[in-house]
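Results of the structural survey
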Amino acid sequence: NNGDVSGNHGQPDAWVVKLDNSGNIEWQKCYGGNKWDNAVSIQQTLSGDYIVACYTESGNGDVSNFNGDRDVWILKLGNTGNLDWQHCFGGWNDDLPYCIHQTTNGEYIMSGYTESSDGDILGSHEGGDAWVVKFIESNISGFVFNDTNLNGLPDEEEQGVAGHLVKLEPGPRYAFTNNTGKYNFYADIGEYETSYIPVNNWYATEVAEYQFSVDYLHEAIDTLDFGIATRENSPDVA
């Protein structure tokens, strides 16, 4: 956490450094949590950003959805090193990446190693396996939050709600909100509708569905938020 390095989270961090063509540092960033985090492969994407394959032992700081032991940890960085998104892949045991590459259609493929037989891993042969993962970058997202003042806007004190269902059509496709109330979909160019699916005594306070267009490949639409609340005198076990 000195010399050319700043922003260390404690213990080893993944460290990404951008150099100009004379070897001068344009920017540098540390990524990780309070345990061991290591970057092993990086590629510039078709959009000029960066995709980084790491492994992590952390479950805090920049890392969320940690599965256990060591996880494959994928970072998407903007062209100045800002963290656009991150995702852990793996299971309960050791899972490590070796290389990541963006395909010509904008998807990603990662090769690695796994000792897990649960979580994201299917078809384990026992012992250590080669592990190849193909994944897409979500470009449709939103926030489902407890709208305590019923104004339909995510105010600072209002928290996201986990485990609620959102639908994307045509399809239909479904996504549950994560622990922070976020949901994600991938959508190609076209016309879509996303809607909140009421559960138990919850209802959407203002907007229950959005109609929108994806006009170009990988266009990001991240404002499809749903304020929800429970009906009066309806106790919620959760």
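Look above for the structure.
Everything numeric in this text was worked out from a predicted model, so none of it was measured.

Rules of the game
- Residues numbered from 1 in each chain as written.
- Predicted model: local features only at pLDDT ≥ 70, side-chain atom pairs only at ≥ 80, totals over all residues.
- Heavy atoms only, no water.
- Pairing = 2+ DSSP bridges.
- Helix = DSSP H or I, 4+ residues; strand = E, 2+ residues; numbered from the N terminus.
- Axes fitted to C-alpha atoms, helices over the stretch in contact; angles between N-to-C directions.
- Phe/Tyr/Trp six-rings, centres within 6.5 Å; stacked < 30°, edge-to-face > 60°.
- Buried < 20%, exposed > 50% of the residue type's maximum accessible area, 1.4 Å probe, protein only.
- Lys NZ or Arg CZ within 6 Å of the ring centre and 35° of its normal.
- Salt bridge = Lys/Arg side-chain N within 4 Å of Asp/Glu carboxyl O.
- Polar contact = N/O pair within 3.5 Å; in protein donor to acceptor, adjacent residues only side chain to side chain.
- Contact = heavy atoms within 4.5 Å.
- Patch = residues over 30% accessible without salt bridge, like charges linked within 9 Å, V, L, I, M, F, W, Y side chains within 5 Å.
- Areas by Shrake-Rupley, 256 points an atom, 1.4 Å probe, with all protein chains shown as cover.

Strand order in the open sheet formed by 4 strands is 3-4-5-6, and the pairing between neighbours is antiparallel. The open sheet has two free edges, formed respectively by strand 3 (37–44) and strand 6 (83–89), since each of these has just one partner strand. Adjacent strand axes in the sheet meet at a mean angle of 20° when their direction is disregarded. Sheet topology note: the strand 4 (residues 50–56)/strand 5 (residues 71–77) ladder contains 7 bridges and is antiparallel. By the bridge assignment, isoleucine 51 is partnered in strand 5 with lysine 76.

Summed over the entire model, instances satisfying the criterion amount to 9 aromatic pairs. A centroid spacing of 6.3 Å and a plane angle of 65° characterise the contact between tryptophan 27 and tyrosine 50, whose relative ring orientation is edge-to-face. You can see tryptophan 27 sitting in strand 2 (residues 25–31) and its partner tyrosine 50 sitting in strand 4, a full 23 residues away along the chain. Here the two residues tryptophan 27 and tyrosine 50 agree in accessibility, since each one is buried. Each member of the aromatic cluster is reached from another via a ring pair, and the members are Tyr183, Phe185, Tyr196, Tyr210 and Phe226. Over the ring of tyrosine 55 we find arginine 70; its NZ or CZ atom is 5.2 Å from the centre of that ring.

A separate point is the pattern of salt bridges. Under the criterion given, the structure shown has 6 salt bridges. The shortest N-O distance in the salt bridge between aspartate 49 and lysine 76 comes to 3.9 Å. Here the residue aspartate 49 occupies a position in the loop between strand 3 and strand 4, and lysine 76 occupies one in strand 5, the gap between them amounting to 27 residues. Across the pair, exposure class does not vary: aspartate 49 and lysine 76 are buried alike. Residues joined by salt bridges that share partners form a network here, namely Asp49, Lys76 and Glu137.

Assignment of secondary structure puts serine 41 in strand 3. Classification of serine 41 by relative accessible area gives buried; the value is 12%. A distance of 3.2 Å separates the side chain of serine 41 from the backbone nitrogen of isoleucine 100, its partner in a polar contact. If we ignore the near neighbours within four places in the chain, the residues touching serine 41 are Ile51, Val52, Ala53, Tyr98, Cys99 and Ile100.

Before going further, it helps to spend a moment on a nonpolar patch on the surface. Judged by side-chain polarity, Trp15, Val17, Leu19 and Ile25 come together as a nonpolar surface patch covering roughly 330 Å² of accessible area. Among the elements that line the nonpolar patch, the one with the most residues is strand 1 (residues 14–19), at 3 residues. By the element assignment, leucine 19 lies in strand 1. Residue leucine 19 is classed as partly exposed on the basis of its relative accessible area, which comes to 44%.

Turning our attention to the pairing of strand 17 (residues 226–230). Each regular strand shows side chains that alternate between the opposite faces of the sheet. With respect to burial, strand 17 is a largely interior element, 4 of its 5 residues being buried. Here 3 bridges tie strand 10 (residues 140–146) to strand 17, and the two strands are oriented parallel to one another. Across the sheet, valine 144 pairs through a bridge with phenylalanine 226, a residue of strand 17.

Scope: geometric values only; no functional claims are made or implied.
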